[in-house]
Amino acid sequence: MSDHRHYDLVIVGAGSGNTIVDERFEDFRVAVIDKGPFGGTCLNRGCIPSKMYVLPADTATAARRGEALGVPAEVGPADWARIRDRVVGRVDEQAEEGRRGREEADHIDVYRGTARFTGPLELAVDVDGEVTRVTADQLVLASGTRPVVPDIPGLEEAGYETSDTVMRLDALPRRLGVVGGGYVGSELAHVFASYGSQVVQVEAGEHLLGDQDVDVARHFTAAADERWDVRLGTEVTEVSGGAGEPTTLHLDDGSTVEVDVLLLAIGRRPNSDLLDLAHGGVDVDDAGRIVVDEHQRASAAGVWSLGDASSDVPLKHVANQDARVVQHNVLRALTDGAGDTAGWKVSDHHAVPQAVFTHPQVARVGLTEAEAREEHGDDVVVGRHDVADIAYGWALAGELDGDGEATGFVKLVALRSTGRLVGAHLVAPVASVLVQPLVMAMAHDLPVAGLARSMYWIHPALTEVVENALVSLESALADPDDAA
Ligand SMILES: Cc1cc2nc3c(=O)[nH]c(=O)nc-3n(C[C@H](O)[C@H](O)[C@H](O)COP(=O)(O)OP(=O)(O)OC[C@H]3O[C@@H](n4cnc5c(N)ncnc54)[C@H](O)[C@@H]3O)c2cc1C
Ligand SMILES: NC(=O)c1ccc[n+]([C@@H]2O[C@H](COP(=O)([O-])OP(=O)(O)OC[C@H]3O[C@@H](n4cnc5c(N)ncnc54)[C@H](O)[C@@H]3O)[C@@H](O)[C@H]2O)c1
């Protein structure tokens, strides 16, 4: 190793980890280490570019629906290069700006390389073969996750994309194979199908979005199946061709599918294996996630972790909230020492909402009905309202082949004993927005009784579907015979 440098604070991972350093850290020596671009997954290859791709996809989908609504519109294949350049141009600029800002600060050193532990609070940082020994008083691991690549015969030879690469393709694929029916696979299937690619999506489970409430997963799967080729309960056993030629997927039902680009979206794994954590005395769980306590402290003294590296809820708003907890507590540890935790922040992963930006959108907070029944048995009460049964639903009717039901619903799950919501599930236009009053009800532990009538809901807005679902739940809670 060529050099040794000591810092008050070292941060590995410039995604949410980078948000920790603000003006309160000006009197401390800080190092930020990242092997990739600043901003991490969300900015460079996750939430932000994917949603920038979803917006034109939604526009194309809405235009295609024009025919059913009396305004026929022609939608040709998308101009991929223009869309890609808009997305990539914006995120690359932002990543570069973020890095420059840190590099220009006198008290911060930026390392564009890979870190691994060589001892407690000691790292070897490899920047293009030049290794620096870096030690720290406090060390934050915000190292995130990366896509899982399955061990399928022929895959490496044929070549494949993941969410890390597919958003920078040279051209729109004529035929896209998507393996995986979770968040990434479903959002990107929506994007490419809307742009004009022929999409085949292969999912091992019974439904797409199988982590959602089963009613939502079923509804979404049926909607997706109207728009692209969905193969459920199916896995890829072998891949052949590729390397510049079409790729053939051999499926376990005996069929084959030929595609031009293959996208793998079967989940993500923590990057903790890159860090030699055992040398730092840092424990991980069976899934490779760094084990943290309620203050986001890892098992080794002076080490912290946040976001996807340690969380079982790998979402950006969770990573950012974890980072706020770490920021507060690290500052206390740096100024007052780590002995007394009075006044430290505690992380709270209660009532975390999530949304899938597909068409239709899906959103959720809390337990599914099945999870609630497993935990609470007969105490569970369900309320529901269909989008088709509110005034705005009449405007939306025809969304999916004129099937009113298909425009979506809000399903609420509560406990009779407490009168509180334990889960909310939406499949509807702008579900990611509609869910927020329900998140508030759960986060603030508001009783369901009286909630719908405690405020006005704009008529005839889509929010009336949430109002009516709450009314339905309230009457189910009030009815002792209603076992939903
Ligand atoms: C396609 C896609 C879409 C998504 N959409 C959404 C969404 O809409 N909403 C949402 O809430 N979430 C979304 N997510 C999830 C979201 O991106 C993550 O939850 C979030 O980025 C996690 O932030 P993080 O800071 O914990 O980790 P990351 O952003 O992954 O940052 C980790 C950083 O650590 C660096 N690193 C790792 N190991 C080392 C090492 N040994 N040395 C040096 N550097 C290292 C990596 O290069 C990386 O920059 C999406 C994810 C994907 C893949
Ligand atoms: N809108 C959002 O908030 C958003 C968007 C994208 C990603 N993310 C985050 O990224 C994480 C990873 O997303 P993801 O979609 O990669 O994972 P996921 O866990 O959501 O879905 C993976 C899917 O692949 C299926 N699968 C696994 N192995 C398979 C195989 N061999 N063949 C066929 N199907 C297989 C699984 O049954 C599952 O449905 C999510 O958990 C989420 O936290 C969030």
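A quick note: this is a predicted structure, and the numbers were derived from the prediction, not measured.

**Student:** So what exactly am I meant to see when it comes to the site of ligand 2 here?
**Tutor:** In the neighbourhood of ligand 2, 25 residues make up the surrounding shell, with Gly180, Gly182, Tyr183, Val184 and Ala204 lying closest. Taken together, the elements giving at least two residues each to the shell around ligand 2 come down to α5 (183-195) and β17 (353-356). In terms of residue count, the dominant contributor to the shell around ligand 2 is α5 (four residues). Taken together, the residues that form the shell around ligand 2 break down as 13 nonpolar, eight polar and four charged.

**Student:** Would you mind going over the packing of helix α2 (residues 47-69) against α5 with me for this structure?
**Tutor:** Packed helices, taken two at a time, are described by the angle between their axes plus the distance between the axes. At a closest axis distance of 8 Å, the pairing of α2 and α5 adopts a crossing angle of 45 degrees. Relative to α5, the element α2 is oriented oblique. α2 and α5 meet at a crossing whose hand is left-handed. Contacts between α2 and α5 involve Ser50, Tyr53, Val54, Ala57, Ala60 and Thr61 on the former and, on the latter, Glu187, His190, Val191, Ser194 and Tyr195. Its residues placed into classes, the contact of α2 with α5 shows six nonpolar, four polar and one charged.

**Student:** Is there a simple way to explain the environment of Pro314 in this structure?
**Tutor:** Relative to the helices and strands, Pro314 resides in the loop between β16 (303-305) and α8 (316-336). Spatially, the C-alpha atom of Pro314 lies 28 Å from that of Ala342, the residues being 28 residues apart in sequence.

**Student:** When you look at the domain arrangement of the chain in this model, what are you seeing that I'm missing?
**Tutor:** By a widespread convention, an interface's size corresponds to the accessible area lost as its parts come together. You can read the domains of the chain as domain 1 (4-147 + 270-336), domain 2 (155-266) and domain 3 (360-478). On a C-alpha basis, the centres of domain 2 and domain 3 stand 30 Å from each other. With 10 residues of domain 2 at the interface, the matching set in domain 3 holds 13 residues. Broken down by class, the residue content of the side of domain 2 that touches domain 3 amounts to five nonpolar, two polar and three charged.

Cut-offs and rules
Residues numbered from 1 in each chain as written. Chains lettered and ligands numbered in written order. Predicted model: local features only at pLDDT ≥ 70, side-chain atom pairs only at ≥ 80, totals over all residues. Near = placed C-beta within 6 Å. Helix = DSSP H or I, 4+ residues; strand = E, 2+ residues; numbered from the N terminus. Nonpolar A, V, L, I, M, F, W, Y, C, P; charged D, E, K, R; others polar. Axes fitted to C-alpha atoms, helices over the stretch in contact; angles between N-to-C directions. Parallel < 35°, antiparallel > 145°, perpendicular 65-115°, else oblique. Left-handed = near helix turned anticlockwise from the far one by under 90°. Contact = placed C-beta atoms within 7 Å. Domains from an automatic or database assignment.

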